[in-house]
Amino acid sequence: MDTDTAPVLTLLQAYLATTTLPASGRLPPERELAEALGVSRAELRKALAALEAEGQLWRHVGKGTFLGPRPLAAIGDVAQLAQEARDGDMVQARLTLEPQLAALAARHATPAQLATMRDAMMASCRPGQSWRGYEGQDARLHREIALAASNPLLLHLFDQLAAIRRVLTWNRPRARPDGPQADHPSFAEHAAIVGAIEQGEASLAAERMHHHIAAVHRLIEKPSRQG
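The text that follows walks through the structure, step by step, so that each part is easy to find. (Residues numbered from 1 in each chain as written. Predicted model: local features only at pLDDT ≥ 70, side-chain atom pairs only at ≥ 80, totals over all residues. Heavy atoms only, no water.)

A short note on the pairing of strand β1 (residues 57-60)
Pairing geometry for β1 and strand β2 (residues 64-67), over 4 bridges, is antiparallel. Bridged to L57 within β2 is L67. Hairpin connection of β1 to β2: 3 residues between the antiparallel strands, including G62 at a positive phi of 90°. (Pairing = 2+ DSSP bridges. Helix = DSSP H or I, 4+ residues; strand = E, 2+ residues; numbered from the N terminus.)

As structure tokens, then:
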């Protein structure tokens, strides 16, 4: 840490420890906070950056600075984007991103990551589970693939997209409310994707992921069938 920052950081930590913030954890605007601490805005920004680097606060451009670790996706942003999404936006976004993540995973996945993917795949097709249980394991599998792509920027985009997807599909109707059938098509599609990744076949992994996402969204668009 910059030694010039330490005194300001101490002031800022004391302020945060003794001040009641709103439920959102939002800090006062920089100008107001700098005046309260008796420091310049430039000095304050260095102290804020130090706390952000430690994961003690996070900043959202245009909305402010918030106490606590950065969430995977700010809830307000997710809700707003879900409301703004048009028909077809989600499948188009997924078809743009996820096949490429699968291809990268085929190139970069470690043995440990491959084992985790297979575990998530097997858990997703466990018989007798609820839709929520299936969706949790499905989300886990897709994220393990995104993680294995070894690109933190694409992983961040995936996390944002996955959160919005769950908002859009959370309460969709089910023809079978008890859970997926044993022959649910996603089970075989997941196995095909993971198999291609294990074989290191990047093009095949991308192709199979594209097929899977397109098939899932065709089912989602037909309420009489299962997504």
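So much for the structure itself; the text now carries on.
Description of helix α10 (residues 202-220)
Between the first and last C-alpha of α10 there are 27 Å, a value that for 19 residues agrees with the 27 Å anticipated at 1.5 Å per step. Restricting attention to buried positions, one finds in α10 the residues A202, A205, A206, M209, H212, I213, A214, A215, V216, H217 and L219. In this fold, the buried residues of α10 make contact with α5 (89-108), α7 (131-148) and α9 (185-198). (Expected span 1.5 Å × (residues − 1). Buried < 20%, exposed > 50% of the residue type's maximum accessible area, 1.4 Å probe, protein only. Contact = heavy atoms within 4.5 Å.)

A word on the packing of aromatic side chains
Overall, the coordinates contain 3 aromatic pairs when judged by the stated rule. On the numbers, 6.0 Å between centres and 80° between planes, the contact of W131 with Y134 is edge-to-face. Of this pair, W131 and Y134 are both found in helix α7, 3 residues apart, which corresponds to roughly one turn of the helix. With relative accessibility at 5%, the residue W131 sits in the buried group. Exposure remark for Y134: the relative accessible area of 5% places this residue in the buried category. Measuring from ring centre to ring centre gives 5.9 Å for Y134 and F187, while their planes differ by 65°; the resulting arrangement is edge-to-face. (Phe/Tyr/Trp six-rings, centres within 6.5 Å; stacked < 30°, edge-to-face > 60°.)

Quick look at the packing of helix α2 (residues 30-37) against helix α3 (residues 41-53)
Closest axis-to-axis distance for the α2/α3 pair is 9 Å, and the angle between their directions is 100°. Between α2 and α3, the angle falls in the class roughly perpendicular. When α2 is examined against α3, the residues E30, R31, L33, A34 and L37 are found in contact with a partner set consisting of R41, L44, R45 and L48. Partitioning the contact of α2 with α3 into residue classes produces 5 nonpolar, no polar and 4 charged. (Axes fitted to C-alpha atoms, helices over the stretch in contact; angles between N-to-C directions. Parallel < 35°, antiparallel > 145°, perpendicular 65-115°, else oblique. Nonpolar A, V, L, I, M, F, W, Y, C, P; charged D, E, K, R; others polar.)

Regarding the packing of α9 against α10
At a minimum axis separation of 8 Å, α9 and α10 run at an interaxial angle of 165°. As the angle between them shows, α9 and α10 are arranged roughly antiparallel. In this structure, the crossing between α9 and α10 has a hand that is left-handed. Residues P185, S186, E189, H190, A192, I193, A196 and I197 of α9 pack against L204, A205, R208, M209, H211, H212, A215, V216 and L219 of α10. Across the contact of α9 with α10, the residue classes tally to 11 nonpolar, 4 polar and 2 charged. (Left-handed = near helix turned anticlockwise from the far one by under 90°.)

Some words on the environment of D77
Here D77 lies in helix α4 (residues 75-84). A relative accessible area of 17% means that D77 is categorised as buried. What D77 contacts, discounting residues up to four positions off in sequence, is H60 and K63.

Topic: unusual backbone geometry
For S150, which is not glycine, the phi dihedral falls at a positive 60°. On the secondary structure map, S150 appears in the loop between α7 and α8 (152-169).

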